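Listed below, chain by chain, are the residues.
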Amino acid sequence: MSATPPTMTKGSTTGDPGHAPEAGENGLKAGLKNRHLSMIAIGGVIGAGLFVGSSSGIAAAGPGILISYALVGTLVVFVMRMLGEMAAANPTSGSFSAYADRALGRWAGFSIGWLYWFFWVVVQAVEATAGAAILNGWIPSVPQWAWALIVMLVLTATNLASVSSYGEFEFWFAGIKVVAIAGFVVIGLLAVFGVLPGSDNPGAGFDNLTAHGGFLPHGPGAILTGVLMVVFSFMGSEIVTLAAGESEDPQRAVRQATNSVIWRIAVFYLGSIFVVVSLLPWDSKAIAEKGSYVAALDSIGIPHAGQVMNVIVLTAVLSCLNSGLYTASRMAFSLGQRGDAPKSFATVNKRGVPQVAILASVVFGFVSVIFNYVWPDTVFKFLLNSSGAVALFVWLVICFTQLRMRGIILREMPEKLTVKMWFFPYLTWATIGMITFVLGYMLYTGGDNRETVLASVLVGVIVVAIGLVLDRKHAAARR
């Protein structure tokens, strides 16, 4: 091996975060192909939470959980449309953080950038632990902590190798998820109508949607309860706008991702949950005991359904962990470019990879994993709660940023307004109202929801305060 250290190139620190350099000017290599971006966009909305968390949502809202998923899905479609408008005009690795910097002030870009980074660092620990638990069940001779370490090391090495390595891994991870859910929906629908050869499920058509207490067995209020339970499983759809900055044709990638988000949510979320609640009564013990997807597969007679689903969940976990590390490192890179993080974060090696930003992100990920094993009910619980509502904060910031960025784009580069938010600004304000309502309802319901919001607000206030202080210092230095 050569003793010569890798060549380091400084990223752009022009101080104009709302205007990102073209691909290659900031040192990042445009190594993501269109097929990578397409699959990242499709798989980005399919998290492990869909597979493991949907059963509790069904128990809380019955078949009405479909309305909960539809409401949150609509919210995500609107947010992605707003983000797509800005990203198509100016794709950058900092995405909404860079746009907030330009539209709302440096403190806003600083705050939401670091909060988003913090969110994905904690997600790394959650996903690594979940993946380790599955692998330990298969090979118990290797302790769970060792599996978590192995998973983290492998995906760190993948991200350090090149951005195309990340894209290739994510292409196959997302591909498995997409094929699995698409197959589940097709096979499930055939079983629902009793036309699947060899199915153990008699096929009740739509009867299970209204039997056992009706479509809303716990009343209309349960729809909102369901919203709180499913909203966080949608986090990740915005990753494609960060990755677009390292693609061959970022504008095209963003337009395709934005335009396809509606059918992606309709098929993967609403379609698969519709199959579950049509195949089985919502109050079936099998859904609570085995999980919604395993119970549905068992009812059809798919052999080894539990292990099949474990493989799919593991794929979803690895995909989320892979993307989490990528996303955290690119946000750290962007913050470094803008002077809101150590300058070393904005350097890349000779392969065009932000090595320092990746290693810094994974170190905190490793620390979080340790916390999860050593202090799961104290330190790690606080980390989990304090990052829990960041998704909603990010969506709020995207909305307020788009309100300002529309004017900036029209004034400075109107020809790049190729994706437009519908019924601007009315639908943007309506989305702000929807997100604010969800946060308020979380506080109203109390329990873990209130704890999550309060802990997230506490961390958010601290980060914003730091951002405002630094903003004043930078302003004073410029005078």
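Scope of this entry: the structure provided in the associated data block. Bear in mind that the values here come from a model prediction, so they are computed numbers and not experimental data. (Residues numbered from 1 in each chain as written. Predicted model: local features only at pLDDT ≥ 70, side-chain atom pairs only at ≥ 80, totals over all residues. Heavy atoms only, no water.)

1. Concerning the packing of aromatic side chains
What characterises a pair of aromatic rings is the spacing of the ring centres plus the angle enclosed by the ring planes.
Move 1: In this structure the tally under the stated criterion is 20 aromatic pairs.
Move 2: Aromatic side chains Y116 and W120 sit 6.2 Å apart centroid to centroid with 80 degrees between the ring planes, which places their arrangement in the edge-to-face category. Note that Y116 and W120 are positioned in helix α5 (residues 106-138) at a spacing of four residues, about one turn of the helix. This pair shows no difference in class: Y116 is buried, exactly as W120 is.
Move 3: Ring geometry for W117 against F364: centres 5.2 Å apart, planes inclined by 75 degrees, an arrangement best described as edge-to-face. One end of the pair, W117, is in helix α5; the other, F364, is in helix α15 (residues 355-374), and 247 residues separate them in sequence. (Phe/Tyr/Trp six-rings, centres within 6.5 Å; stacked < 30°, edge-to-face > 60°. Helix = DSSP H or I, 4+ residues; strand = E, 2+ residues; numbered from the N terminus. Buried < 20%, exposed > 50% of the residue type's maximum accessible area, 1.4 Å probe, protein only.)

2. Here's the deal with the pattern of salt bridges
Move 1: In the structure shown here, the tally under the stated rule is six salt bridges.
Move 2: The salt bridge involving R338 is made with D101; its shortest N-O contact spans 3.0 Å. One end of the pair, R338, is in the loop between α14 (305-337) and β2 (347-348); the other, D101, is in helix α4 (residues 95-103), and 237 residues separate them in sequence.
Move 3: Since its relative accessible area comes to 10%, R338 is described here as buried.
Move 4: For D101, a relative accessible area of 10% corresponds to the buried category.
Move 5: R102 is the salt-bridge partner of E412, the closest N and O atoms lying 2.4 Å from each other. With E412 in helix α17 (residues 390-412) and R102 in helix α4, the pair connects residues that are 310 residues apart, well separated along the chain.
Move 6: Residue classification places E412 among the partly exposed positions, given a relative accessible area of 43%. (Salt bridge = Lys/Arg side-chain N within 4 Å of Asp/Glu carboxyl O.)

3. Section: the packing of helix α3 (residues 65-89) against α4
Move 1: For the pair α3 and α4, interaxial distance at closest approach is 10 Å and the crossing angle is 80 degrees. For the element pair α3 / α4, the angle class is roughly perpendicular. Facing L83, M86 and A87 of α3, the residues of α4 in contact are S95, F96 and Y99.
Move 2: Residues that form the contact of α3 with α4 fall into these classes: five nonpolar, one polar and no charged. (Axes fitted to C-alpha atoms, helices over the stretch in contact; angles between N-to-C directions. Parallel < 35°, antiparallel > 145°, perpendicular 65-115°, else oblique. Contact = heavy atoms within 4.5 Å. Nonpolar A, V, L, I, M, F, W, Y, C, P; charged D, E, K, R; others polar.)

4. A look at the layout of surface pockets
Move 1: Counted as a void, the largest pocket has a volume near 1,300 Å³.
Move 2: Forming the walls of the largest pocket are 49 residues, and the residues nearest its centre are G49, V126, F232, S233 and L384.
Move 3: Looking at the lining of the largest pocket element by element, the count peaks at eight residues for α5.
Move 4: Its residues assigned to classes, the lining of the largest pocket comprises 24 nonpolar, 19 polar and six charged.
Move 5: In this structure, the second largest pocket occupies an estimated 310 Å³ of space.
Move 6: Around the second largest pocket, the lining is made up of 13 residues, and of these W107, I112, F393, V397 and V464 lie nearest the centre.
Move 7: With five residues, α5 is the single largest residue contributor to the lining of the second largest pocket.
Move 8: For the lining of the second largest pocket, the class distribution of residues is eleven nonpolar, two polar and no charged. (1 Å grid on protein atoms, 1.4 Å probe; cavity = no way out; pocket = protein on both sides within 12 Å on 5 of 7 lines; lining within 4 Å. Points joined across faces, edges and corners; volume = space filled by probe spheres on them.)

5. Some remarks on helix α13 (residues 292-300)
Move 1: Within α13, eight of the nine residues are buried, which leaves it mostly tucked inside the rest of the structure.
Move 2: Among all positions in α13, only S292, Y293, V294, A295, A296, L297, S299 and I300 are buried.
Move 3: G301 occupies a position one or two residues after α13 and carries a positive phi of about 105 degrees.

6. A few points about the packing of helix α9 (residues 221-230) against helix α18 (residues 426-445)
Axis angle and axis distance: for two packed helices, these are the angle between their axes and the distance between the axes, and together they describe the pair.
Move 1: Axis separation between α9 and α18 bottoms out at 10 Å; the angle between their running directions is 100 degrees. By the criterion of interaxial angle, the relationship of α9 to α18 is roughly perpendicular. Residues G221, L224, T225, V227 and L228 of α9 lie in contact with α18, whose contacting residues are F437, V438, Y441, M442 and T445.
Move 2: Grouping the amino acids of the contact of α9 with α18 by side-chain chemistry returns seven nonpolar, three polar and no charged.

7. Focus: the side chain of N208
Move 1: Tracing the chain through its elements places N208 in helix α8 (residues 207-210).
Move 2: By relative accessible area, N208 is classed as buried at 9%.
Move 3: A polar atom in the side chain of N208 sits 2.9 Å from the backbone oxygen of S278.
Move 4: Look past the residues within four positions of N208 in its chain and what remains in contact with it is P63, V277, S278, L279, L280 and P281. (Polar contact = N/O pair within 3.5 Å; in protein donor to acceptor, adjacent residues only side chain to side chain.)

8. Focus: the side chain of T452
Move 1: Structurally, T452 can be placed in helix α19 (residues 447-478).
Move 2: When near neighbours in sequence (up to four residues on either side) are disregarded, T452 contacts N385, G388, A389 and M442.

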